[in-house]
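Analysis of the macromolecular model
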Protein chains: 2
Amino acid sequence: MDEFELIQKYFAGSSGPGVVTGIGDDGAVLQPRSGRELVAVVDTLVADTHFPAGTDPYDIAFRAVAVNLSDVAAMAATPRWMTLALTLPEARAEWLERFAAGMRAAATPYELVLVGGDTTSGETLVITVQIIADVPAGQAVTRAGARPGDQVYVSGHVGDAAGGLELIKAGSQEGHLAGRFLRPDARVVLGQALQGLATAAIDISDGLYADLGKLLAASGAGAVIELSDLPLSPALQQQFDADVCRRFALSGGDDYELCFTLPAASDVPDCGTRVTRIGEVVAGTGIECRLQGSLVDYRDSGYLHFQ
Amino acid sequence: MDEFELIQKYFAGSSGPGVVTGIGDDGAVLQPRSGRELVAVVDTLVADTHFPAGTDPYDIAFRAVAVNLSDVAAMAATPRWMTLALTLPEARAEWLERFAAGMRAAATPYELVLVGGDTTSGETLVITVQIIADVPAGQAVTRAGARPGDQVYVSGHVGDAAGGLELIKAGSQEGHLAGRFLRPDARVVLGQALQGLATAAIDISDGLYADLGKLLAASGAGAVIELSDLPLSPALQQQFDADVCRRFALSGGDDYELCFTLPAASDVPDCGTRVTRIGEVVAGTGIECRLQGSLVDYRDSGYLHFQ
């Protein structure tokens, strides 16, 4: 089967809202909605760097889409169209079927349509997904708008993905925590609810501490956070002791929750996603951590490539 | 240097037309032009698959952008914004500087702005570029509109890149032919001139024979082409005998010229790019090759991954 047939077979079905010409030409032709700006995000997953070798291709694909959806959510945008660049050591039908099924599972709830792609052969499995999203003009939420007095929030539970990765490394792909690493649930609906409300937002890919640090650096501010307010899941607390849970929550990464700031007087958006206040933006730089009010020294730089 | 600093240092400067928020946030915020549709293209280059290991990073980057610009040109669109996903075995400053310079050289003539990216570590060098272009609504040229009686054209010279690759493999990166492989000149201006004029277009990446074949398959038509009309460069004809030249021209790939069809009565667009009529669209399927009028049997399937 040649490259063209391969793409046609497993990644077909590229019709959907705003798609004039989908997969199969030199480019996709897309109809933007009036009054909207575009938001473009791109993220790459590399075998052995971003997921363990031997991960189910369904989960790899689900994750490749979800991490991009998470970036879309952090911009308060609505996902619309997706492209896939897939570099593969070999093209096996069974593997591609599972991979395509995982992509569909991640994309379908958001009417996100695959409109183009490129399949190449290479020694390492590399997946790059790009999503084009849109947002009412002027309503995108960046990292740069947090001001002293704003309250710092985080969605869902943090630390689960790091706990899950520990369990996967120890040989268990089953259970709630492993699932939170393998099939992260991007906070797209919450992200849209933050339009015109949040002053800044970021998604948690490198760890809450590192990602909140980036938000604060972009905003030119600091924050004080209370570690006992970190939303830890019962599943995490059952598997690991309190110190380890906090470390996973702050530095584990891969949670794909949103960390965002709201003006002090704002109501918290009510869209069915759990949201927890964990601190406050202050003048200055960096993050001060407190545990039940007492200052604690916490050091971390999150997950970095080439460090 | 961490990933964030790396991207900031070498791929900064993401302001330009329509860029509301560029590199450095979770996504780029972009302002589409009214009355236009978007065209999204994506192409991946893998070391040792798409270019010889040890190629100057300037040329790798130039080529990664040019092959995408060529897809944009084949859709008759105007390139606007670009993202880069770069998977690297190691991050060396000198390499990245050359790579960034090559990207800029390819993008700047078209006011194409890098608005986002992701840098990851992996054993194999993999470069995925995506370009978001635009085109007046309804004016994109696809592969599907060629009709019997239309004339078949090709831009520039074909076969040079294949000849250049032969010389590079033999150890010489210098000279006109090697340059045509390493730094292809995407036909962006010609592509725009085809708006509302061409009935179908495709860019030549897999070889004229294979790519014209795809155009014809999408259009539900066949073609007769005259091999003695193939535009061969003096440099190619000086290096290789006539049969080899024709084989390179038909099957060599990597030329990144445009092959397109015009109604019989149409004027050829005059935009400073050489354009040669090589045949005619006919009813039926497939490509009939003639050499000074006599039927010749030519077989080729072009360059295919996983064949």
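A brief structural summary. (Residues numbered from 1 in each chain as written. Chains lettered and ligands numbered in written order. Predicted model: local features only at pLDDT ≥ 70, side-chain atom pairs only at ≥ 80, totals over all residues. Heavy atoms only, no water.)

**Observations concerning the pattern of salt bridges**
When the charged atoms of two side chains with opposite charge come close together, those side chains can pair. Per the stated rule, a full pass over the model turns up 38 salt bridges over all chains. A salt bridge links Asp59(B) to Arg183(B), with the shortest nitrogen-to-oxygen separation between them at 2.6 Å. Taken together, the residues span a long stretch of sequence, with Asp59(B) in helix H2 (residues 57-74) and Arg183(B) in the loop between helix H5 (175-182) and helix H6 (188-193) at a distance of 124 residues. For Asp59(B), a relative accessible area of 6% corresponds to the buried category. Linked by salt bridges that have partners in common, Asp160(A), Arg180(A), Asp185(A), Arg187(A) and Glu257(A) make up one network. (Salt bridge = Lys/Arg side-chain N within 4 Å of Asp/Glu carboxyl O. Helix = DSSP H or I, 4+ residues; strand = E, 2+ residues; numbered from the N terminus. Buried < 20%, exposed > 50% of the residue type's maximum accessible area, 1.4 Å probe, protein only.)

**Here we look at the sheet that holds strand E3 (residues 36-46) of chain B**
A sheet is described by the order of its strands in space; here six strands give the open sequence E1(A)-E2(A)-E3(B)-E6(B)-E4(B)-E5(B), paired in mixed fashion. If you trace the sheet from one side to the other, it starts and ends with strand E1 (19-21) of chain A together with strand E5 (113-121) of chain B, each paired once. Taking the axes of each pair of neighbouring strands and ignoring which way they run, one obtains an average angle of 20° across the sheet. Note: strand E4 (residues 78-88) of chain B against E5(B), eight bridges, orientation parallel. Opposite Thr87(B), over in E5(B), you have Thr120(B) as the bridge partner. On the sheet, H2(B) packs against E3, E4 and strand E6 (126-136) of chain B and is oriented at approximately 145° with respect to E3(B). The strands that helix H3 (residues 93-107) of chain B touches are E4, E5 and E6 of chain B; relative to E4(B), the one it contacts most, it runs at about 160°. (Pairing = 2+ DSSP bridges. Axes fitted to C-alpha atoms, helices over the stretch in contact; angles between N-to-C directions. Contact = heavy atoms within 4.5 Å.)

**Description of the environment of Leu125(B)**
Residue and element names in this part refer to chain B. You can see Leu125 is positioned in the loop between E5 and E6. By relative accessible area, Leu125 is classed as buried at 11%. Separated by 80 residues in sequence, Leu125 and Leu45 place their C-alpha atoms 8.4 Å apart. Apart from the residues within four sequence positions on either side, Leu125 is in contact with Leu45, Val46, Ala47, Phe51, Ile60, Leu86, Thr87, Leu88, Pro89 and Trp95.

**Focus: helix H3 (residues 93-107) of chain A**
Residue and element names in this part refer to chain A. Between its first and last C-alpha atoms H3 spans 21 Å; for 15 residues at 1.5 Å apiece the expected length is 21 Å, and the two agree. The complete set of buried residues in H3 reads Trp95, Leu96, Phe99, Ala100, Gly102, Met103, Ala106 and Ala107. The buried side chains of H3 occupy one side of the element, clustering within an arc of 160° when seen end-on. (Expected span 1.5 Å × (residues − 1). Arc of directions from axis to C-beta.)

**So, a negative patch on the surface**
On the surface, a cluster of negative charge is made up of Asp48(A), Glu123(A), Asp48(B) and Glu123(B). Turning to its location among the elements, Glu123(B) is positioned in the loop between E5 and E6. (Patch = residues over 30% accessible without salt bridge, like charges linked within 9 Å, V, L, I, M, F, W, Y side chains within 5 Å. Areas by Shrake-Rupley, 256 points an atom, 1.4 Å probe, with all protein chains shown as cover. Lys, Arg positive; Asp, Glu negative; His and termini not counted. Charge placed at Lys NZ, Arg CZ, Asp CG, Glu CD.)

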